[in-house]
Amino acid sequence: MRKAEVQMTLKKGAGEAAPARSPTVPPKRSKVSAEKVAPEPPGPGHAALSAPAFARKMRNAAVGTGCDIRLKVTVAGDPQPSLYWYHNDELLNMDNQEYGGLWIRDCKPSDAGLYTCIANNHVGEARSSAVLAVLDLGEGTDPPCIRGVALLHL
């Protein structure tokens, strides 16, 4: 429950004026519209800044050897956060990758492990992590891929 501030106006003598009411606290029994209570949006020079936050976090997944998989995140923040991807605490090269996704092509057992995406801007930082398992199903067995993309999520 929120605590509200209450401003009391005392009656003054005949020659004294009562102090002005607060613009955010309506007088008793008055109807208040949202436009009167809501703060004005920031002007063009005062953008609302926000720290990164993951709207969609990474999910644990399993893939067969030889398959491709995409680890995907959706992140919000203002200004737009920079994304850094790690595999077992080692920074990955993100050349030829699109924002919000990490493609791992032709998976090998060495691709298994902990993947972490760090989103940051000058307001703050957020992290999302997931484990990728790479399954060797043996020779002669088709990997669990459809059109080369793994579908297993744990």
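This text gives an overview of the structure that appears in the document. (Residues numbered from 1 in each chain as written. Predicted model: local features only at pLDDT ≥ 70, side-chain atom pairs only at ≥ 80, totals over all residues. Heavy atoms only, no water.)

Remarks on the side chain of Asn121
Okay, step 1: When you line up the elements, Asn121 lands in strand 8 (residues 113-121).
Okay, step 2: Not counting residues within four places of it along the chain, the set of residues in contact with Asn121 comprises Ser50, Ala51, Pro52, Gly77, Asp78, Pro79 and Pro81. (Helix = DSSP H or I, 4+ residues; strand = E, 2+ residues; numbered from the N terminus. Contact = heavy atoms within 4.5 Å.)

Points about the environment of Ala53
Okay, step 1: Relative to the helices and strands, Ala53 is located in strand 1 (residues 50-56).
Okay, step 2: By relative accessible area, which is 39% here, Ala53 ends up partly exposed.
Okay, step 3: Ala53 has contacts with Thr74, Val75 and Ala76, leaving out every residue within four places of it along the chain. (Buried < 20%, exposed > 50% of the residue type's maximum accessible area, 1.4 Å probe, protein only.)

A few points about the side chain of His87
Okay, step 1: Checked against the element boundaries, His87 lands in strand 5 (residues 82-87).
Okay, step 2: On the accessibility criterion, His87 (14% relative accessible area) is buried.
Okay, step 3: With residues near it in sequence (within four places) discarded, His87 still touches Leu92, Ser110, Asp111, Ala112, Gly113, Leu114 and Tyr115.

Observations regarding the nonpolar core
Okay, step 1: Counting residues in each nonpolar core, the largest one holds 21 residues, and the members touching the most others are Met58, Trp85, Ile104 and Leu132.
Okay, step 2: Elements that contribute at least two residues to this core include exactly strand 2 (61-64), strand 3 (69-72), strand 5, strand 7 (101-104), strand 8 and strand 9 (124-135).
Okay, step 3: Among the elements that line this core, the one with the most residues is strand 9, at 4 residues.
Okay, step 4: Beyond its immediate sequence surroundings of up to four residues, Trp85 is in contact with Met58, Leu71, Val73, Glu90, Leu91, Leu92, Met94, Gly100, Gly101, Leu102, Thr116 and Cys117. (Core = buried A, V, L, I, M, F, W, Y, C linked by side-chain atoms within 4.5 Å.)

Treat this as a map of the structure, not an account of what it does.
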